[in-house]
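Notes for the structure review
Chain residues, written in single-letter form:
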Amino acid sequence: MESRTKKMIPSEGINGFEDRLSDLPDNLIVHILSFMPTLYAVKTMLLRRFGNLWTLVPTLTFDLWEYDQVIWPNEDDATNDEVFSSFARFIRNVVMLHKRRTIDSFHLSIKAFDVEFKDPKLIDDIQLWLRFAIDREVKDLNIYFDGDDDLVLPHCIFMSQSLITLTLYGCMLEHQPHVHMGTLRELSLVNVQGSGLVFNQVILGCPSLQELNINIFNLFHVLNITSPSVSKLCLEIYHPCLSITLSFPNMKNLDICVSGISLSFMVDVIDVSSLQVVNIKGLPYLSLPLIEAFLRQIRNVEVVTMSVDAFERLCWDTKIEFPQTRWKRLVLRSLRYDNKHVQVILGLVKNSVKLEELIIYNHSSSDDQEYGSLKSSTTSTYVMPLLKKVTIHDCGRFLEAQLQLVEVVLQNAVLLEQLVIRGYNRLTAVDQLNFVKQISNFRRGSTNATVIFD
């Protein structure tokens, strides 16, 4: 019986290879082009099948550094101003020829490129390109400058009713007659110039804002940040003498990093009553009273993660007083285990009576096993009433300290279900045997506790 299956005849491509790309429908090709930098998408017009399909892409990406690398791969071929002039002509042509009524994303970067904006027309061009993006009802707008005071953002950005995410890097923020970005859900302000009042004006003008990222390099003596809608705040500070007041009644997540010489740094909290998760990325230069005050402010959250810098700072002062907390999950990242580090860990756990899970990472760069001498510690002076799971990552370094920590946990965690020790296989066979033997001899406060070596 003759087969009814129709045999597909592939399109003939270069050197006899099958050209499946040319068989794709236009909308699919446009979708593929949308993942390419605009410079490369435009180059596809040289291919007959693609033609002017690039003019329909929903994403436009213009990166001056990338443009320079492609057009002038040799550094001495052109001056910075010549490169930027060519870059500007390219964007003008793209903006003029682009046909799609709306765009999803517009990315403009002239960061890390020493350009002198002597020609006012170039500044006008930049503002024109940004107005073009707003007129096309852009949803995702990313602007990367180098902090040039002459590059003032057009007011239409702050009145957009289409923006979902907005990233401003190195831009100049001036006072706006009115700010209302009704649909904006994520705002990132990185190394942005302007006063604290303008910062707060922009933030308050976003009634639907959910995620706020602020990265401060320049000087703000006082910065008051308020938003009734933000649920996640990422705050990174790289300048001294900064006082910040936070008022976020619906905030659930806080990422905070304090770097630089910030001895006078202080965070005053008016309302973070809904805060549940805190990620402390760094507290390297804060004084002991400020650290204790900050820990008191986050004592009612559920999950706390401390980076290496933050945890190591806690270990500098042996007299630190840990507040009573309601933390349920604690993640600590350390460079080593010694008596001081173990005591800080136990101090945090002791004062976290609601703690259910403890996770510890060892980020030491050394592969040598260290036993070290530890001061004796009392292992039965307090109870860990709700602790159910403990995970110690990267076993094989500082074994004596780890043994002390394991002993305290096993004896005092009365509801412990699982203690996981990862990196156990890095030990020699003899050390593995001794390590397991010592742990098996520890008294256990929970009859259900299982120790897992991984």
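Before reading on, note that the structure itself is shown above.
Residues numbered from 1 in each chain as written. Predicted model: local features only at pLDDT ≥ 70, side-chain atom pairs only at ≥ 80, totals over all residues. Heavy atoms only, no water.

**Overview of helix α8 (residues 308-316)**
Given 3.6 residues per turn, any residue in an α-helix points the same way as the ones three and four places further on. Taking burial as the measure, the nine residues of α8 include seven buried ones, the bulk of the element. Along α8, the residues that are buried comprise Val308, Ala310, Phe311, Glu312, Arg313, Leu314 and Cys315. Those residues of α8 hidden inside the fold are in contact with β12 (277-282), α7 (288-297), β13 (303-306), β14 (329-334) and α9 (339-350). (Buried < 20%, exposed > 50% of the residue type's maximum accessible area, 1.4 Å probe, protein only. Helix = DSSP H or I, 4+ residues; strand = E, 2+ residues; numbered from the N terminus. Contact = heavy atoms within 4.5 Å.)

**What to know about the packing of aromatic side chains**
Across all of its chains, the model carries eight aromatic pairs by this definition. Ring centres of Phe435 and Phe453 lie 6.3 Å apart, and the angle between their planes is 75 degrees; on these two criteria the pair is classed as edge-to-face. Note that Phe435 is positioned in helix α11 (residues 429-440) and Phe453 in strand β18 (residues 450-453), a separation of 18 residues in sequence. Among the aromatic residues, those joined into a ring-pair cluster are Phe62, Tyr67, Phe84, Phe87, Phe90, Phe106 and Phe132. (Phe/Tyr/Trp six-rings, centres within 6.5 Å; stacked < 30°, edge-to-face > 60°.)

**Concerning the packing of helix α10 (residues 399-412) against α11**
Here α10 crosses α11 at 25 degrees, and the two axes come no closer than 10 Å. Between α10 and α11, the angle is such that the two are roughly parallel. Considering how the two elements wind past one another, α10 and α11 form a crossing that is right-handed. Contacts between α10 and α11 involve Leu399, Leu403, Val406 and Leu410 from the first element and Phe435, Gln438 and Ile439 from the second. Class assignment of the residues belonging to the contact of α10 with α11 gives a composition of six nonpolar, one polar and no charged. (Axes fitted to C-alpha atoms, helices over the stretch in contact; angles between N-to-C directions. Parallel < 35°, antiparallel > 145°, perpendicular 65-115°, else oblique. Left-handed = near helix turned anticlockwise from the far one by under 90°. Nonpolar A, V, L, I, M, F, W, Y, C, P; charged D, E, K, R; others polar.)

**Looking at the packing of helix α4 (residues 80-97) against helix α5 (residues 120-135)**
Contact geometry of α4 with α5 gives a least axis separation of 11 Å together with a crossing angle of 35 degrees. Relative to α5, the crossing made by α4 is left-handed. Residue-level inspection shows Phe84, Ala88, Ile91, Arg92 and Val95 of α4 in contact with α5, the latter providing Lys121, Leu122, Asp125, Ile126, Trp129 and Phe132. Residue composition of the contact of α4 with α5, by class: eight nonpolar, no polar and three charged.

**Digging into the pairing of strand β5 (residues 186-190)**
For β5, the tally of buried residues reaches four of five residues, placing the bulk of the element in the interior. Where strand β4 (residues 165-169) and β5 come together, five bridges link them in parallel fashion. Bridge assignment links Leu168 to a residue of β5, and that residue is Leu189. Pairing between β5 and strand β6 (residues 211-216): five bridges, direction parallel. Residue pairing for β6: Glu186 is matched across the bridge by Glu211. Taking the sense of rotation as the criterion, the β-α-β connection linking β5, helix α6 (residues 196-204) and β6 turns out right-handed. (Pairing = 2+ DSSP bridges. Right-handed = clockwise from strand over helix to strand, strands pointing away.)

**Quick word on the nonpolar core**
Generally speaking, a soluble globular protein has its nonpolar side chains buried in company with each other. If you look at the biggest cluster of nonpolar residues, it comprises 130 residues, and the most contacted ones within it are Phe106, Leu141 and Met306. The contacts of Phe106, once residues within four sequence positions are left out, are Leu60, Phe62, Trp129, Leu130, Phe132, Ala133, Val138, Asp140, Leu141 and Asn142. (Core = buried A, V, L, I, M, F, W, Y, C linked by side-chain atoms within 4.5 Å.)

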